[in-house]
Each structure stands twice: as structure tokens, then as C-alpha cells.
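Read off the chains here:
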There are 2 protein chains.
Amino acid sequence: MEYNAKQLQIIEVAERLFADKGFAGTSVRDIAQEANVNVSMISYYFGSKEKLIEALFAMRMGESRSRMEMLLGNEDLIPIQKINILIDSAIDRLMGNQCFHNIMMREQLSSERTPAISEHIRALKLRNVQLMQKLIEEGQALGAFRKNIDLSLMSTTLYGTINYAIATQDFYKRINGLEGMEEAEFQSHLKRKLSQHLKSLFKSTVTNEHHNQD
Amino acid sequence: MEYNAKQLQIIEVAERLFADKGFAGTSVRDIAQEANVNVSMISYYFGSKEKLIEALFAMRMGESRSRMEMLLGNEDLIPIQKINILIDSAIDRLMGNQCFHNIMMREQLSSERTPAISEHIRALKLRNVQLMQKLIEEGQALGAFRKNIDLSLMSTTLYGTINYAIATQDFYKRINGLEGMEEAEFQSHLKRKLSQHLKSLFKSTVTNEHHNQD
DNA sequence: ACAAAAATCAAACGTTTGTTTGATTTTACT
DNA sequence: AGTAAAATCAAACAAACGTTTGATTTTTGT
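These numbers were taken from a predicted model, which means no experiment stands behind them.

Calculation notes
Residues numbered from 1 in each chain as written. Chains lettered and ligands numbered in written order. Predicted model: local features only at pLDDT ≥ 70, side-chain atom pairs only at ≥ 80, totals over all residues. Heavy atoms only, no water. Least-squares fit on C-alpha atoms with pLDDT ≥ 70 in both. Contact = heavy atoms within 4.5 Å. Helix = DSSP H or I, 4+ residues; strand = E, 2+ residues; numbered from the N terminus. Near = heavy atom within 4 Å. Polar contact = N/O pair within 3.5 Å; in protein donor to acceptor, adjacent residues only side chain to side chain. Nonpolar A, V, L, I, M, F, W, Y, C, P; charged D, E, K, R; others polar. Buried < 20%, exposed > 50% of the residue type's maximum accessible area, 1.4 Å probe, protein only. Arc of directions from axis to C-beta. Salt bridge = Lys/Arg side-chain N within 4 Å of Asp/Glu carboxyl O. Domains from an automatic or database assignment. Buried area = accessible area lost by both parts, 1.4 Å probe. Core = buried A, V, L, I, M, F, W, Y, C linked by side-chain atoms within 4.5 Å.

(A) Structural view of the relation of the copies chain B and chain A. Rotating chain B by 180° and translating it 0.0 Å along the rotation axis places it on chain A, where the RMSD comes to 0.0 Å. On this basis, the relationship between the two copies can be described by a two-fold rotation axis. Nearest to the rotation axis, the C-alpha of Gly160 of chain B is located 2.3 Å from it, this being the minimum over chain B. An overlap of 100% is found between the interface residues of chain B and their copies at the interface of chain A, pointing to a shared contact surface.

(B) The environment of Met154 of chain B, seen in detail. Within the secondary structure, Met154 of chain B is located in helix α9 (residues 151-167). Remark: the alpha-carbon pair of Met154 of chain B and Ile136 of chain B, spanning 18 residues in sequence, is separated by 9.8 Å. Here Met154 of chain B is in contact with His197 and Leu201 of chain A together with Met132, Ile136, Ile149, Phe202, Thr205 and Val206 of chain B, once residues within four sequence places are set aside.

(C) Region of the structure containing the protein's contact with DNA strand D. Taken together, 17 residues lie near DNA strand D, and Met41 of chain A together with Val28, Arg29, Ser48 and Lys49 of chain B sit nearest. The protein-proximal atoms of DNA strand D, defined as those within 4 Å of the protein, are 48% sugar or phosphate. The side chain of Tyr45 of chain A places a nitrogen or oxygen atom 3.3 Å from a phosphate oxygen of DNA strand D. Side-chain polar atom of Arg29 of chain B to a base nitrogen of DNA strand D: 2.7 Å apart, as the coordinates give it. Those elements that place two or more of their residues in the surface near DNA strand D are α3 (40-46) of chain A together with α2 (28-35) and α3 (40-46) of chain B. Of all the elements, α3 of chain A adds the most residues to the surface near DNA strand D, at 4 residues. Among the residues forming the surface near DNA strand D, the class breakdown is 5 nonpolar, 8 polar and 4 charged.

(D) Structural context of the environment of Glu15 of chain A. All names here are of chain A. Turning to its location among the elements, Glu15 is positioned in helix α1 (residues 5-21). Given the relative accessible area of 8%, Glu15 is considered buried. It is 6.4 Å that separates the C-alpha atoms of Glu15 and Phe100, two residues lying 85 residues apart in sequence. Dropping the residues within four chain positions of it, Glu15 is found in contact with Leu56, Arg60, Cys99, Phe100 and Ile103. Polar side-chain contacts of Glu15 include one of 2.8 Å to the side chain of Arg60.

(E) Local environment of α2 of chain B. Residues and elements named next belong to chain B. Within α2, burial applies to Ile31, Ala32 and Ala35. On an axial view of α2, the arc spanned by its buried residues comes to 95°, and they lie on one face. Turned more than 90 degrees away from the buried face of α2 sit Arg29 and Gln33, all of them exposed. Its buried side turned inward, α2 meets α1 (5-21), α3 and α4 (49-62). Just downstream of α2, Asn36 is the residue with a positive phi angle, here 60°.

(F) Spotlight on the pattern of salt bridges. Per the stated rule, a full pass over the model turns up 24 salt bridges over all chains. In this structure, Arg122 of chain A and Glu119 of chain A form a salt bridge, with 3.0 Å as the shortest nitrogen-oxygen distance. Of the two residues, Arg122 of chain A and Glu119 of chain A are both situated in helix α8 (residues 115-141); the distance of 3 residues between them amounts to about one turn of the helix. Here Lys82 of chain B ties to Glu138 of chain B by a salt bridge, and the two come within 3.3 Å at their closest N and O atoms. On the criterion of sequence distance, the pair formed by Lys82 of chain B in helix α6 (residues 79-96) and Glu138 of chain B in helix α8 (residues 115-141) is long-range, its members being 56 residues apart. The class for Glu138 of chain B is partly exposed, based on a relative accessible area of 27%. Connected through salt bridges with shared partners, the residues Glu50, Glu107 and Arg113 of chain A form a single ionic network.

(G) Geometry of the domain arrangement of chain A. Residues and elements named next belong to chain A. Domains assigned within chain A are domain 1 (5-61) and domain 2 (64-206). Here the C-alpha centroids of domain 1 and domain 2 sit 27 Å apart. For the pairing of domain 1 and domain 2, the buried interface totals around 1400 Å² over both sides, and the portion due to carbon and sulfur atoms is 70%. If you sort the residues of domain 1 by the area they bury against domain 2, Ala19, Phe57 and Met61 come out on top, with a joint share of 50%. Joining domain 1 to domain 2, the criterion identifies 4 residue pairs in polar contact (both at pLDDT 80 or more). Secondary-structure elements contributing two or more residues to the side of domain 1 that touches domain 2 are α1 and α4 (49-62). Broken down by element, the residue count for the side of domain 1 that touches domain 2 peaks at 8 residues, all from α4.

(H) Main features of the nonpolar core. In terms of nonpolar packing, the biggest core is built from 70 residues, with Leu158 of chain A together with Leu158 of chain B touching the most fellow members. When residues no more than four places from it in sequence are discounted, the contact partners of Leu158 of chain B are Leu86, Ile87, Ala90, Met132, Leu198 and Phe202 of chain B.

(I) Broad picture of the protein's contact with DNA strand C. Among the 17 residues in the neighbourhood of DNA strand C, the closest are listed as Val28, Arg29, Ser48 and Lys49 of chain A together with Met41 of chain B. For DNA strand C, the fraction of protein-proximal atoms (within 4 Å) that sit in sugar or phosphate groups is 48%. One of the side-chain N or O atoms of Arg29 of chain A is found 2.7 Å from a base nitrogen in DNA strand C. Of all the secondary-structure elements, those providing two or more residues to the surface near DNA strand C are α2 (28-34) and α3 of chain A together with α3 of chain B. It is α3 of chain B that provides the largest number of residues to the surface near DNA strand C, a total of 4 residues. Within the surface near DNA strand C, the residues separate by chemical class into 5 nonpolar, 8 polar and 4 charged.

Shown next, in the form of C-alpha cells:
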């Protein structure tokens with residue numbers, strides 16, 4: 001589905017408001033006002049508020065594919081390098097679409113509020129977890145990774161840590177005394193810290209190497 | 001504040017519904033119906049729907065203290081044992097109060113929806129992160145733990161992993177083929193897996209010991 | 001047993017909700 | 001230029017919302 005400028009404007013405003021106040025907490029009049037359109041345009045273009053959030057999901061899910069396939073094809077990389085690419089691409093994806101992933105998180109907290117959306121999320125999570133399992137099993141086959149790794153909980157730790165870091169970033173800012181830092185600078189600071197932290201975490205946990213400082 | 005049976009009934013039903021459908025997505029009539037009370041009783045007892053969720057937070061926050069202080073006082077335990085106790089008590093606390101922590105997670109996703117609640121959450125998170133920092137610094141002082149540990153992101157990983165595991169437990173069930181398992185059994189299964197996973201994760205990451213299988 | 005207090009109820013209150021209507025304006029096409 | 005389609009609008013719609021009211025029942029304390 002392709003959208004014109006007005007429709008995109010509505011979707012993007014809705015994304016921001018849904019992320020901030022939740023789906024039920026956001027009225028179509030809120031959206032219409034911030035998007036500078038008449039209330040009736042939402043039903044006119046999307047059919048209903050419910051179909052609007054489904055359109056948002058269909059749109060955002062359609063993006064982001066294919067960039068990670070590069071990493072699978074490249075045979076020059078050693079297992080831990082592939083894991084590191086996976087970590088960084090997950091951080092980039094979640095940090096770069098905070099509003100949408102906030103909404104996704106909310107949807108996961110409700111059980112099956114909208115079947116179409118739940119199905120989108122399930123498919124995405126399945127791709128993510130299978131990709132990580134593939135990389136870990138490759139590393140295990142090469143003898144580089146430990147055998148006793150809980151595959152599905154490793155991806156829980158990856159996405160759980162990133163999501164939770166994003167959800168609590170104000171708290172992180174406060175306890176690390178970064179309240180004065182400019183927003184864009186803070187975002188890249190957090191990305192860098194998350195990257196270091198998760199890479200070190202995964203390296204210690206999945207590899208057979210003895211730990212060495214860097 | 002102490003509540004009578006009817007008030008507790010309202011709070012507990014509200015907790016379940018807020019967790020499942022969100023605060024804005026739950027109507028006072030939903031709550032009244034499931035709690036078998038008249039709609040007006042909610043305003044009568046709590047003043048408003050908003051004050052009801054604040055009462056819920058005040059009640060749940062008041063519990064759960066003090067059990068973990070035991071772990072701090074005990075000088076017989078080595079650092080990694082204290083960390084393990086912290087992990088298990090976090091798992092027990094979050095898994096044992098899934099509805100409430102679901103609501104807490106939702107509140108963290110909205111920026112400052114209710115200042116009183118945000119303040120409760122901030123205080124709780126501060127206690128948690130400071131406790132973990134204290135334990136890690138003890139271990140570092142004893143030479144048992146590495147020096148280059150990102151203190152605030154370690155607790156992000158702990159709580160992020162548990163919260164995300166709880167939020168996606170239906171998915172976990174499905175990809176691990178546990179759909180037939182009885183609910184109580186699955187809950188203790190997940191607790192055990194989470195405990196093993198997080199202990200192994202923390203051991204690999206924070207200690208100076210070389211890894212050994214168990 | 002009685003009076004005061006607390007609890008409960010159906011009904012109504014005024015808003016806000018998502019959606020539809022019908023008229024009007026703007027755009028697109030020949 | 002003229003007409004059909006698309007877009008926009010204020011207004012209205014019924015339903016659901018949180019809350020209040022005022023009468024009635026139940027509980028409590030003496």
C-alpha cells in the first residue's frame with residue numbers, strides 16, 4: 001500500500017501519539033489536530049482508528065528487511081563478528097524507531113488485542129530469534145561458541161535489554177548525570193554504551209575464549 | 001492505608017484489567033462489573049479512576065521491601081552468591097506480580113503520565129540499581145569481579161530480560177513447543193530457565209573466573 | 001431498639017469517544 | 001471550460017466515558 005503526503009502525516013502523528021499515550025489513550029481528534037487535518041479524514045482514508053494502527057504496522061513492518069541478509073551471506077566474518085553485527089543492527093533498528101517499538105512493546109503487553117498486529121509481531125520475532133539461533137549454531141559448529149547456551153533466552157536478553165534501556169532512558173540520563181547533554185548527543189552516547197555492553201555480554205557468554213580486557 | 005475486602009477486590013480486579021488492556025483501555029464499568037460492585041463505589045472509595053491506580057501503586061510498592069535486606073547483612077556469602085540471590089529475588093518478584101509489573105512497564109513507556117506514579121517507579125528503580133551497584137563494587141573490592149563493568153546497564157539487562165521474557169511468554173511457549181504444558185508448571189519452568197540463564201550470563205560477565213561448564 | 005454512619009444502588013449528568021453525513025471546495029482530466 | 005472524482009469541512013450521531021446524585025439498605029455503636 002502506498003500513501004500520499006496527508007496520509008503519511010496522519011500515520012506519523014498517530015505513531016508519535018500512540019507511543020506517548022497508548023492506543024486507547026489517544027483520540028482521533030488528538031491525531032487530527034496535531035496532523036492539521038479534519039477528524040473525518042481518518043475514517044475517510046483508513047476506515048477507522050483500528051485500521052489506522054494496522055496501516056502503521058503494515059508500513060513499518062514492510063521496511064527494514066534485507067539489510068541484515070548481507071551479514072548472513074558474508075562468509076569472511078567469524079561467528080562473533082556476525083553476532084556483533086546482529087547486536088548493532090538491533091540497536092540501530094530499535095533506537096531509530098523508538099516510537100514504533102514503544103507501540104510494539106505495548107501491544108505485546110496486551111494479550112491479542114488485535115490479531116492482525118499480533119501476527120505481525122510474532123512473524124518479526126520469529127525471524128529475529130531464528131537468525132540469532134542460526135548464528136549461534138554456526139559458531140558452535142566451528143567450535144568457537146559454547147554448547148550450553150539457552151538460544152531463545154539469548155535473544156530475550158538482547159531485545160529485552162535494548163527495549164528496557166529505551167523505556168528507561170530518562171532514568172539512565174538522571175543516574176549518570178547526563179541531564180545537561182544535548183538530545184542527539186545523548187542518543188548516540190546511549191547507542192555506543194549499549195553496543196559495548198551487549199557485545200561484551202555476548203562475548204563473555206557465548207564464546208569459549210577466556211576473557212581479555214580491551 | 002488499609003483497605004477492606006471490597007476495596008481490595010476492586011484494586012485486584014483493576015490491576016488485572018489495567019495489565020491486560022491498559023489504564024485508558026479499561027473503563028470503571030469494566031472494573032465494577034468484574035468486581036461485582038456498583039460503578040459508583042469506585043469514586044466512593046477511591047475518589048476517581050486515577051486515584052484508584054495510585055492506590056494500587058501505593059499498596060504494591062509498600063509490600064516486597066525488607067526481604068532482600070537479609071542478603072546484604074549476611075557476610076558469609078561470596079560476591080557471586082549475593083548476585084545470584086539478587087537475580088532469583090528479582091525473578092520471583094517480577095514473575096509473582098506479573099500484572100503489576102506489566103502496569104509498571106506500561107507507565108514507563110508513557111512519559112510522566114502521572115507524576116505520583118512516576119516518582120514511585122523512580123524510587124524503586126533507584127533502590128534496585130543501587131543495590132546491584134553495591135554488590136558489584138563489593139565483588140570488585142574483593143578482586144572477584146572485573147573492573148570494566150557497566151553498572152547501570154547490568155541492571156538494565158537483568159530487569160529488561162525478565163520483563164521481556166514475561167511480556168513474550170506466549171511466544172516463548174510456542175517456539176519451545178510447550179503449548180501443552182500446564183500453566184503452573186510452565187511458570188516454574190520459565191523461572192528455572194531464566195534463573196539459569198541470568199546466573200550464567202552474570203557469572204561470565206562480571207567475574208574474573210575462567211568459564212567452566214556445569 | 002434505635003439513631004448515626006457506612007454502604008449500595010439505579011439513574012442521571014455532562015463530556016468525550018469514534019464514526020457518518022451532506023454540503024462545499026479543490027483537484028484532475030478531456 | 002466543464003465535468004467527474006477526490007478532498008475537506010462543520011455538524012450531527014449514538015455510544016461510552018468518569019462522576020455525581022439522592023434515595024434506600026445495611027452495618028455499627030450504644
